[in-house]
Amino acid sequence: MNLCDSRTVKNIMEAFGLHFRKEFGQNFLTNRMVVEDIADSCTDNADETILEIGPGIGTLTRELCARYRDVVALEIDKSLIPALGYTLGEFHNVTVINEDVMKADLAAILAPYFEKGAVSVCANLPYYITTPILMKLLESGLPFRHITIMIQLEVADRLTATAGTAAYGAITAVLNYYGVAERLFRVNAGNFLPPPKVDSAVVRITLHKEKPYQPKNEDVFFRTIRAAFEQRRKTLPNALSAGFPELTKEQCVALVEAAGHRADIRGERLSTAEFLTLADLIADAL
Ligand code: SAM
């Protein structure tokens, strides 16, 4: 079965009475090389479980099943489940669950798989909900080895940006707290059915086994980053005083200077480690 062949995809969709649902971000991959490259690069250990979010009609899922010990696929669209039964019928190492990943209890679903060994995530993510899904995976505290996701090019640039560049944002600083992101390759819009409006890229995040950053207060750490980027054009002390109404403007200036920066610096110049130093000082001052 070649699910990268557009005619086969259309035939299966017709046979199961399906149509591409825009509201679920359904753009299915149709380039075999791209599908194989994603499946190959999402981890390096065949003895792993892969959590796939949004299997669609199973194009990437089949390649994951062929390479890894177990695959758990969460699909929100109920109408795709019978088609997945057909396209994945030959594999006995896959469990398809009809659930919204944002509502799913990932710890409970994956508990038996974590007992067997490592678990990684691999997904061609729906564009409309990329960041919430990524944040849910990171904040779950589950010890995923890798999270490999196909996302809009612009978001991929953001995730892998360095401090001080235009693409660097709150999500970059937060992501670096959880792991290291690498952009693997670009995928042009023509490789999907239907083609989306923008190009994509595959990003692999390797989660830190031991967090290199240990904030005194995690809430204050995240608030510091959020405050810095919510008022991106303001100087860091001004942005902080808007985000921390408990602190005076003078205190914010003093804290930024105590962290080793000039008072006119903008938050977007700070690396994750520098945010941590500043957040620890803020935590002490609150
Ligand atoms: N994996 C397939 C591929 O690469 O061809 C399909 C990828 S398509 C970009 C995104 C998939 O995610 C669709 O199948 C869509 O129905 C599913 N999806 C969208 N929102 C979801 C959610 N909240 N939870 C689980 N699946 C979701």
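Worth saying up front: this structure is predicted, and the values here are computed from it rather than measured.

**Structural notes on the packing of helix H2 (residues 32–41) against helix H3 (residues 59–67)**
(1) Moving on: The contact between H2 and H3 brings their axes to 9 Å, and the two run at 45°. By the angle between their axes, H2 is oblique relative to H3. Note that H2 runs across H3; the crossing there is right-handed. Listed contacts from H3 to Arg32, Val35, Glu36, Ile38, Ala39 and Asp40 of H2 are Thr59, Leu60, Glu63, Leu64 and Arg67.
(2) Moving on: Looking at the contact of H2 with H3 residue by residue, the classes come out as five nonpolar, one polar and five charged.

**Focus: the environment of glycine 58**
(1) Moving on: In this fold, glycine 58 is placed in the loop between strand S2 (49–53) and H3.
(2) Moving on: Residues glycine 58 and tyrosine 86, spaced 28 residues apart in sequence, show a C-alpha to C-alpha distance of 9.4 Å.
(3) Moving on: Residues in contact with glycine 58, not counting those within four places in the same chain, are Leu3, Leu84, Thr87 and Leu88.

**Describing the site of the ligand**
(1) Moving on: Around the ligand there are 22 residues in total, and Leu29, Gly54, Glu75, Asp100 and Asn124 lie nearest to it.
(2) Moving on: One nitrogen or oxygen atom from the main chain of glycine 56 is found 3.2 Å from an oxygen atom belonging to the ligand.
(3) Moving on: Between the ligand and tyrosine 128 there is a distance of 2.9 Å, counted from a nitrogen atom to a side-chain nitrogen or oxygen.
(4) Moving on: Protein contacts shield 99% of the accessible area of the ligand, which totals 590 Å² for the unbound molecule.
(5) Moving on: Classifying every residue of the shell around the ligand gives eleven nonpolar, six polar and five charged.

**Observations concerning unusual backbone geometry**
(1) Moving on: Here the bond from leucine 193 into proline 194 is cis, since omega is -15°, no more than 30 degrees from zero.
(2) Moving on: Structurally, proline 194 can be placed in the loop between strand S8 (192–193) and strand S9 (200–207).

**Quick notes on the domain arrangement of the chain**
(1) Moving on: For the chain, the assigned domains read domain 1 (6–207) and domain 2 (218–285).
(2) Moving on: Facing 14 residues of domain 1, the contacting portion of domain 2 comprises twelve residues.
(3) Moving on: Interface area for domain 1 against domain 2, summed over the two sides, is near 950 Å², with a carbon-plus-sulfur share of 60%.
(4) Moving on: Of all residues in domain 1, the largest losses of buried area upon contact with domain 2 belong to Gly164, Tyr168 and Tyr177, amounting jointly to 47% of the total for that side.
(5) Moving on: On inspection of domain 1 and its partner domain 2, the count reaches zero salt bridges.
(6) Moving on: Taken together, domain 1 and domain 2 are joined by seven residue pairs in polar contact (both at pLDDT 80 or more).
(7) Moving on: It is helix H8 (residues 170–178) that contributes the most residues to the side of domain 1 that touches domain 2, seven residues altogether.
(8) Moving on: Looking at the side of domain 1 that touches domain 2, its residues break down into eight nonpolar, five polar and one charged.

**Quick notes on the side chain of arginine 204**
(1) Moving on: Here arginine 204 lies in strand S9.
(2) Moving on: A polar contact is formed between the side chain of arginine 204 and the backbone oxygen of serine 41, at a distance of 2.7 Å.
(3) Moving on: In this structure arginine 204 touches Ser41, Cys42, His146, Ile147, Thr148, Val180, Ala181, Glu182 and Leu184, once residues within four positions along its chain are discounted.

**Some remarks on the sheet that holds strand S7 (residues 179–187)**
(1) Moving on: With mixed pairing, seven strands are arranged side by side in an open sheet as S4-S3-S2-S5-S6-S9-S7. Looking along the sheet, the strands with just one partner apiece sit at the ends: strand S4 (94–97) and S7. When the angles between neighbouring strand axes are averaged without regard to direction, this sheet yields 20°.
(2) Moving on: Most of the contacts of helix H5 (residues 106–116) go to strand S3 (residues 70–74), to which it runs at about 175°, and overall it touches S2, S3, S4 and strand S5 (119–124).

Calculation criteria
- Residues numbered from 1 in each chain as written.
- Predicted model: local features only at pLDDT ≥ 70, side-chain atom pairs only at ≥ 80, totals over all residues.
- Heavy atoms only, no water.
- Axes fitted to C-alpha atoms, helices over the stretch in contact; angles between N-to-C directions.
- Helix = DSSP H or I, 4+ residues; strand = E, 2+ residues; numbered from the N terminus.
- Parallel < 35°, antiparallel > 145°, perpendicular 65-115°, else oblique.
- Left-handed = near helix turned anticlockwise from the far one by under 90°.
- Contact = heavy atoms within 4.5 Å.
- Nonpolar A, V, L, I, M, F, W, Y, C, P; charged D, E, K, R; others polar.
- Near = heavy atom within 4 Å.
- Polar contact = N/O pair within 3.5 Å; in protein donor to acceptor, adjacent residues only side chain to side chain.
- Areas by Shrake-Rupley, 256 points an atom, 1.4 Å probe, with all protein chains shown as cover.
- Domains from an automatic or database assignment.
- Buried area = accessible area lost by both parts, 1.4 Å probe.
- Salt bridge = Lys/Arg side-chain N within 4 Å of Asp/Glu carboxyl O.
- Pairing = 2+ DSSP bridges.

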